[in-house]
Amino acid sequence: MNVNYEYEKRNTDFYFRSDNRGSVSLACTSHLHYHVEIAYIEYGKVDTYVDSEKYTLYPGDVLVVFPNRIHRFESADKKERYKLFIINPDIVPDLVHRLRHETPTDPVIREANKNKRLMSLIKILADYEKILPTESNDMLRGVIMKGYILSFFGEIFGMLPMTETRSADSQAMRAILDYCSQNFTQELSLSSLEREIHLSKYYISHLFSDKLGVSFNEYINSLRVSEACRHLRFGESSITEISAMSGFGTLRTFNRAFVKQMGMSPSQYRKTNRHESSSASVPS
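For clarity, every value in this text was computed on a predicted model and none was experimentally measured.

Calculation criteria
- Residues numbered from 1 in each chain as written.
- Predicted model: local features only at pLDDT ≥ 70, side-chain atom pairs only at ≥ 80, totals over all residues.
- Heavy atoms only, no water.
- Helix = DSSP H or I, 4+ residues; strand = E, 2+ residues; numbered from the N terminus.
- Buried < 20%, exposed > 50% of the residue type's maximum accessible area, 1.4 Å probe, protein only.
- Contact = heavy atoms within 4.5 Å.
- Areas by Shrake-Rupley, 256 points an atom, 1.4 Å probe, with all protein chains shown as cover.
- Core = buried A, V, L, I, M, F, W, Y, C linked by side-chain atoms within 4.5 Å.
- Salt bridge = Lys/Arg side-chain N within 4 Å of Asp/Glu carboxyl O.
- Phe/Tyr/Trp six-rings, centres within 6.5 Å; stacked < 30°, edge-to-face > 60°.
- Lys, Arg positive; Asp, Glu negative; His and termini not counted.
- Polar contact = N/O pair within 3.5 Å; in protein donor to acceptor, adjacent residues only side chain to side chain.
- Pairing = 2+ DSSP bridges.
- Expected span 1.5 Å × (residues − 1).
- Arc of directions from axis to C-beta.
- Axes fitted to C-alpha atoms, helices over the stretch in contact; angles between N-to-C directions.
- Left-handed = near helix turned anticlockwise from the far one by under 90°.
- Nonpolar A, V, L, I, M, F, W, Y, C, P; charged D, E, K, R; others polar.

For the rest of this paragraph, the subject is the overall build of the chain. The secondary structure content of the chain amounts to eleven helices and twelve strands. The buried share of the chain, taken over its 284 residues, is 49%. In the chain, the share of contacts with a sequence separation of at least 24, taken over all contacts with a separation of at least 6, comes to 75%. As displayed, the chain has an accessible area near 14,500 Å², and 48% of this comes from carbon and sulfur atoms.

So this is what it looks like as structure tokens:
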């Protein structure tokens, strides 16, 4: 089975994007990341998929995607208006435990626009560059931003039906994905993963097949190819160096995995995508 999603290794704690007056679509390819992704739909209809489940978003709805969930957007009418926030949960430590040990019974908050406090916070965070005092130091600006984000999450979690993650499979899968996302550039195998997180390699292999529909090796290669794409777009390193930096043992393995996932060689990709955006959720 071909891997058809990308792992995003995001370098910022807070990211915001809007439709920019209808010129930027919300549509994006399947991807996952450690950050929480929140989309507010102002106009139009958008189809989204979270862990293979389809949800249709309408004006006033908010979608909340928890860390390490495969998701994508499709524009249903090509005229959507939206606000998109991608936030590193580590900047709000008070909520990390909840994000790791609870899960939404439904990731969509219907008619969220009826919550005036939430709408006010969405407007504030969308204009974050204007509301942060320019004369203040970075520490003060960070504290102010954290306060708004904490309030933002507080309103969202107050409206989002949650349930404790009781499934051993779900908890194990999260632990595995977290470990892989932090160590995929190193030598990594089912046996080494078994030693590190104390789960049977046969159980780990079963989880990848059952939960993600790909093998362990396909998943790790997808992370490594995504990392290689970033270096090819923005870096000056040679393809051989990028292969090693991304975690591939040999250049031959790298080339084979890259062509399988991207449909072209690394050199072709560099030539056609030089300096383009490295984020699957940010259309070029």
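That shown, we press on.
This next bit is on the nonpolar core. Of all hydrophobic cores here, the largest spans 30 residues; its most connected members are Ile 38, Val 64, Phe 85, Phe 152 and Phe 153. If you list the elements that add at least two residues to this core, you get β2 (14-18), β4 (36-43), β7 (62-65), β9 (81-87), α1 (93-101), α2 (116-126) and α4 (138-159). Excluding anything up to four places from it in sequence, Ile 38 contacts Val 62, Leu 63, Val 64, Lys 83, Leu 84, Phe 85, Phe 152, Phe 153 and Ile 156. Ranked by size, the runner-up nonpolar core spans 22 residues in total, among them Leu 188, Leu 193, Ile 204 and Ile 220.

On inspection of all chains with the given rule, the structure shows eleven salt bridges. Note that Lys 83 is salt-bridged to Glu 42, the shortest N-O span being 2.8 Å. Of the two residues, Lys 83 is situated in strand β9 and Glu 42 in strand β4; the sequence distance between them amounts to 41 residues. On the basis of relative accessible area, Lys 83 is assigned to the buried category, the value being 18%. Judged by its relative accessible area of 31%, Glu 42 is partly exposed.

A separate point is the packing of aromatic side chains. A full pass over the atoms with the stated rule returns twelve aromatic pairs. Ring centres of Phe 248 and Phe 254 lie 5.1 Å apart, and the angle between their planes is 50°; on these two criteria the pair is classed as tilted. Judged on exposure class, the residue Phe 248 and its partner Phe 254 are both buried. Here the aromatic cluster, defined as three or more aromatic residues joined through ring pairs, consists of Phe 14, Phe 16, Phe 66, Phe 85, Tyr 128, Phe 152, Phe 153 and Phe 157.

Moving on, we come to the side chain of Glu 80. Inspection of the secondary structure assignment puts Glu 80 in the loop between β8 (71-75) and β9. Within the buried set, Glu 80 has no salt-bridge partner at all; the shortest N-O distance to an opposite charge, 7.1 Å, is to Arg 17. At 3.1 Å, the side chain of Glu 80 forms a polar contact with the side chain of Ser 25. Within the local environment of Glu 80, its side chain forms a polar contact with the backbone nitrogen of Leu 26, the two atoms lying 2.7 Å apart.

With mixed pairing, five strands are arranged side by side in an open sheet as β1-β3-β8-β5-β6. Here the strands that pair on one side only, and so sit at the sheet edges, are β1 (6-7) and β6 (53-57). Pairing between strand β5 (residues 46-50) and β8: five bridges, direction antiparallel. Residue pairing across strands places Val 46 opposite Ser 75, the latter belonging to β8.

A few words now on the pairing of strand β3 (residues 28-32). Remember that side chains alternate between the two faces of the sheet whenever the strand is regular. Of all the five residues making up β3, four are buried; the element is thus mostly covered by neighbouring parts of the structure. Sheet topology places β1 next to β3; two bridges connect them, and they run parallel. For Tyr 7, the partnering residue across the bridge sits in β3 and is Leu 32. Here β3 pairs with β8 via two bridges, running antiparallel. What sits directly across from His 31, in β8, is His 71.

With that out of the way, let us pick up the pairing of β6. In the sheet, β5 pairs with β6 via five bridges, with the strands oriented antiparallel. Along β6, the bridge assignment pairs Thr 48 with Tyr 55.

An α-helix turns once per 3.6 residues; consequently, residues spaced three or four apart project the same way. In this model, helix α10 (residues 251-262) (twelve residues) spans 16 Å end to end at C-alpha, consistent with the 16 Å of a helix rising 1.5 Å per residue. Of the positions making up α10, those classed as buried are Phe 254, Ala 257, Phe 258 and Gln 261. Along the axis of α10, the buried residues cluster in a sector spanning 100°; they form a single face. Where α10 ends, the next residue or the one after it, Gly 263, has phi of about 75°, a positive value.

Two numbers describe how α2 lies on α4: the axes approach to 10 Å, and their chain directions differ by 145°. For the pair α2 and α4, the crossing hand works out as left-handed. Where α2 approaches α4, its residues Arg 117, Leu 118, Leu 121, Ile 122, Ile 124 and Leu 125 are matched on the opposing element by Met 145, Tyr 148, Ile 149, Ser 151, Phe 152, Glu 155, Ile 156 and Met 159. Grouping the constituent residues of the contact of α2 with α4 by class yields eleven nonpolar, one polar and two charged.

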